[in-house]
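Structural overview
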Amino acid sequence: MRPIALASLLCLAGCHKNAGPAVPVYQAVAAERRDIVVSARANGTIQPDTLVEVKSQASGEVLEIRVETGMVVKRGDLMVRIDPRFPRNNVEQARASLEVALARLQNAQSQQDRADELYQTQSITQTELESAHLDYATAKAGVVTAQVALQNAEITLDQTDVRAPITGTVIEMDVERGQVISSPTSNVGEGTVLMRMADLNRVQVSTLVDETDIGKVQPGLQATVEVDAYPNRPFEGTVLKIEPQATVQQNVTMFPVRVSIRNREGLLKPGMNSEVEIHVGRRDGVLAIPNGALRTPRDVNSAAQVLGLSDAQVRAQLAAADQTRDTGVKLREVADQPAPHTLTLPNGREIPLPAGVSEAAVEAAMRKRFSGQELTATEAALLQQVFRGRGSGGGRLGGEGPGGARRPQQDTRFGGEYVVFVLRGGQPVATRIRTGLTDLDYAEVTSGLTERDSVLVLPSTSLIQSQQEFKQRVQRMTGGGIPGMQSRPSGSGARPQPSSPPRN
């Protein structure tokens, strides 16, 4: 088995050695204009935008239910009636307690007045006077307590007629007629939930987006939602919120994203499964190249070796490209600067005016100053700025435009800087480019290439490395010789024969 395997390997090496000229491992693709659309897809569930649990502060038997699931009710409509007898009795009792408290307050007021008079004549002690004042304060507090108890009892009585807290749809009924319910205010528990209502004019989709795509998603992006009930009717939505806490499912980190959808026709129901497509970005008619042509700094050297370029050549080509790019940027920025406005003085001297300052305004301020009139604060600041030479009327290099306005910054959520190999004069040349929006196949080129350029698409780095390692392994085996084997010169047609052991 071993001689056969070695012979096969050597045969493969011999075929490789005797092969004709190497076929280029790259493909030249011209940069062209195309549309790039990037979206993030995920599955989600329809949920109501506003969900309310309806409870009552009154305890008792449910006498009447006037709504059912699916009904749309307006805010304030009567939905459930509860037995009012116990709440009404509590109101009468609270009123009686308030009358007693008022009587005690009146009595305490009289006792306090009498104690004040007796203390003036030294008929009672200081302690007795303070006790009378304390009784009055206690009686006054008792009146407040009785008034609050009466108000709460009246609210509870009013809650026996349960009315809709919002305008919405009844999506769930939790009680039946004849059932005895408890109040959340008078019981230890949270009280009985009568029903659940939701405003279905606007719904939400709660979905999970992979962490590799979450950096491109932000509130306000448009989204398209599709449900199985209406396969040919997409619904338009907007990204409402991205939750800060991640969720891990099957070792995949994802972030919850909520998408808001208008549902005025009421077609979307809570619980429907949906597929969400978030429109991350779209570029129409932009210069684009295949993603396979992009090289990061880590795999530039391996790609250069495949193309027959040395590290020194690649560094020189990139340095030349950087110098050309920097010079072009500076020339464009200087060309974008508007010609400065100047003011000609009587002596013939020309003074540049700041951006936004007119010659008429400066001349008017100067005439006012020469005539001896007092300048306003604005006019004084204007002349000071002009004659001190502040501002040249042009844009500034380094990110500012005319008037000091900041130049728009590139959206760092998309693309980055890469190295591509361009075919120029029949030879591969390394150059740096900046990309923008990128989909699975193509990347937008924002700088570094033109439509006249053709980029080289190479195999993946792992494939290149595996091919190089195999080639080196075969060369080591054929060049260094294999123990126990002898090879004749190529072309003799003889097969390698095992060497005979030396004779004693």
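Residues numbered from 1 in each chain as written. Predicted model: local features only at pLDDT ≥ 70, side-chain atom pairs only at ≥ 80, totals over all residues. Heavy atoms only, no water.

**Topic: the overall build of the chain**
- Scanning the chain from terminus to terminus reveals nine helices and 22 strands.
- Counting across all 504 residues of the chain, residues that qualify as buried make up 32%.
- If you take every contact in the chain between residues at least 6 apart in sequence, the share linking residues at least 24 apart comes to 72%.
- About 31,800 Å² of surface is accessible on the chain, with carbon and sulfur atoms providing 49% of the total. (Helix = DSSP H or I, 4+ residues; strand = E, 2+ residues; numbered from the N terminus. Buried < 20%, exposed > 50% of the residue type's maximum accessible area, 1.4 Å probe, protein only. Contact = heavy atoms within 4.5 Å. Areas by Shrake-Rupley, 256 points an atom, 1.4 Å probe, with all protein chains shown as cover.)

**Concerning the pairing of strand 14 (residues 273-290)**
- The pairing of strand 2 (residues 32-54) with strand 14 spans 13 bridges and is antiparallel. When the bridges of strand 14 are listed, glutamate 32 appears paired with alanine 288.
- Two elements, strand 10 (residues 222-227) and strand 14, share five bridges in a ladder whose sense is antiparallel. Within the sheet, the bridge partner assigned to valine 227 lies in strand 14 and is serine 274. (Pairing = 2+ DSSP bridges.)

**Comments concerning the nonpolar core**
- Ranked by size, the top nonpolar core spans 30 residues in total, and within it Ile46, Val259, Ile261, Leu268 and Ile278 carry the most contacts.
- Contributions of two or more residues to this core are made by strand 2, strand 9 (195-210), strand 10, strand 11 (230-242), strand 13 (252-262) and strand 14.
- Residues contacting isoleucine 278, with those up to four places away along its chain left out, are Val38, Ser39, Ala40, Val209, Val217, Leu221, Gln222, Ala223, Val239 and Val257.
- By size, the runner-up hydrophobic cluster in this structure holds 17 residues, among which are Val52, Val67, Val162 and Met197. (Core = buried A, V, L, I, M, F, W, Y, C linked by side-chain atoms within 4.5 Å.)

**A word on the pattern of salt bridges**
- According to the stated counting rule, one finds 21 salt bridges in the structure shown.
- When the shortest N-O distance is used, the salt bridge between glutamate 277 and arginine 41 registers 3.0 Å. Note that glutamate 277 is positioned in strand 14 and arginine 41 in strand 2, a separation of 236 residues in sequence.
- Among the residues examined, arginine 41 registers a relative accessible area of 52% and is labelled exposed.
- Across the pair glutamate 172 and arginine 196 runs a salt bridge, and its minimum N-O distance is 2.9 Å. Pair noted here: glutamate 172 is in strand 7 (residues 168-173) and arginine 196 is in strand 9, with a separation of 24 residues, a long-range link.
- Several salt bridges share partner residues, and in doing so they unite Glu53, Glu172, Asp174 and Arg196 into one network. (Salt bridge = Lys/Arg side-chain N within 4 Å of Asp/Glu carboxyl O.)

**Observations concerning the sheet that holds strand 3 (residues 60-65)**
- Spatially, 6-5-3-8 is the arrangement adopted by the four strands of the open sheet, whose pairing is antiparallel. Each edge of the open sheet is held by one strand with a lone partner, namely strand 6 (161-163) and strand 8 (180-181).
- When strand 5 (residues 78-82) meets strand 6, the two strands line up antiparallel, connected through three bridges. Following the sheet pairing, leucine 78 is matched in strand 6 by arginine 163.

**A closer look at the confidence of the model for the chain**
- On average, the chain scores 78 in pLDDT, and the residues at 70 or more come to 73%.
- The low-confidence segment residues 1-23 (pLDDT under 50) makes ten contacts with residues lying over four places distant or belonging to another chain.
- The model gives residues 480-504 a pLDDT under 50, and that stretch makes 13 contacts with residues more than four places away or in other chains. (pLDDT = per-residue confidence, 0-100.)

**Concerning the side chain of glutamate 277**
- The buried category is assigned to glutamate 277, whose relative accessible area is 18%.
- At 3.1 Å, the side chain of glutamate 277 and the side chain of serine 39 are in polar contact.
- What glutamate 277 contacts, discounting residues up to four positions off in sequence, is Ser39, Ala40, Arg41, Gln222, Ala223 and Thr224. (Polar contact = N/O pair within 3.5 Å; in protein donor to acceptor, adjacent residues only side chain to side chain.)

**What to know about the packing of aromatic side chains**
- Scanning the model with the defined rule gives one aromatic pair in all.
- Aromatic pair tyrosine 230 and phenylalanine 235: ring centres 6.2 Å apart, planes at 75°, arrangement edge-to-face.
- On the basis of relative accessible area, phenylalanine 235 is assigned to the buried category, the value being 8%.
- Positioned over the ring face of tyrosine 442 is arginine 34, at 3.7 Å from the centre of the ring. (Phe/Tyr/Trp six-rings, centres within 6.5 Å; stacked < 30°, edge-to-face > 60°. Lys NZ or Arg CZ within 6 Å of the ring centre and 35° of its normal.)

**A closer look at the packing of helix 2 (residues 85-120) against helix 3 (residues 126-158)**
- The N-to-C vectors of helix 2 and helix 3 enclose an angle of 160°; their axes lie 8 Å apart at closest approach. As summarised for this structure, helix 2 and helix 3 are arranged roughly antiparallel, according to the angle between their axes. Regarding helix 2 and helix 3, the two cross each other, and that crossing is left-handed.
- Taken together, the residues of the contact of helix 2 with helix 3 sort by class into 20 nonpolar, ten polar and seven charged. (Axes fitted to C-alpha atoms, helices over the stretch in contact; angles between N-to-C directions. Parallel < 35°, antiparallel > 145°, perpendicular 65-115°, else oblique. Left-handed = near helix turned anticlockwise from the far one by under 90°. Nonpolar A, V, L, I, M, F, W, Y, C, P; charged D, E, K, R; others polar.)

**Some points on helix 2**
- For helix 2, with 36 residues, the first-to-last C-alpha span of 53 Å sits near the 52 Å given by 1.5 Å per residue.
- Among the residues of helix 2, those classed as buried are Pro87, Val91, Ala94, Leu98, Ala101, Leu105, Ala108, Gln112 and Ala115.
- In this fold, the buried residues of helix 2 make contact with helix 3.
- Just downstream of helix 2 lies glutamine 122, where phi reads positive at about 60°. (Expected span 1.5 Å × (residues − 1).)

**Let's talk about the side chain of serine 274**
- One can find serine 274 in strand 14.
- Those residues in contact with serine 274, other than ones at most four positions away along the chain, are Ala42, Asn43, Gly44, Thr45, Ile46, Val205, Val225, Glu226 and Val227.

**Focus: helix 3**
- Counted at 1.5 Å a residue, the expected span for helix 3 with its 33 residues is 48 Å, and the 49 Å between its end C-alpha atoms agrees.
- What helix 3 keeps buried is the set Leu129, Ala132, Ala139, Val143, Ala146, Leu150, Ala153 and Thr156.
- Where the residues of helix 3 are buried, they touch helix 2.

**Focus on the environment of leucine 221**
- Position of leucine 221 among the secondary structure elements: in the loop between helix 4 (211-214) and strand 10.
- You can call leucine 221 buried: its relative accessible area is 13%.
- Sequence separation between leucine 221 and threonine 238 is 17 residues; the distance between their C-alpha atoms is 5.7 Å.
- Discounting chain neighbours no more than four positions away, the residues touching leucine 221 are Lys216, Gly237, Thr238, Val239, Ile278, His279 and Val280.

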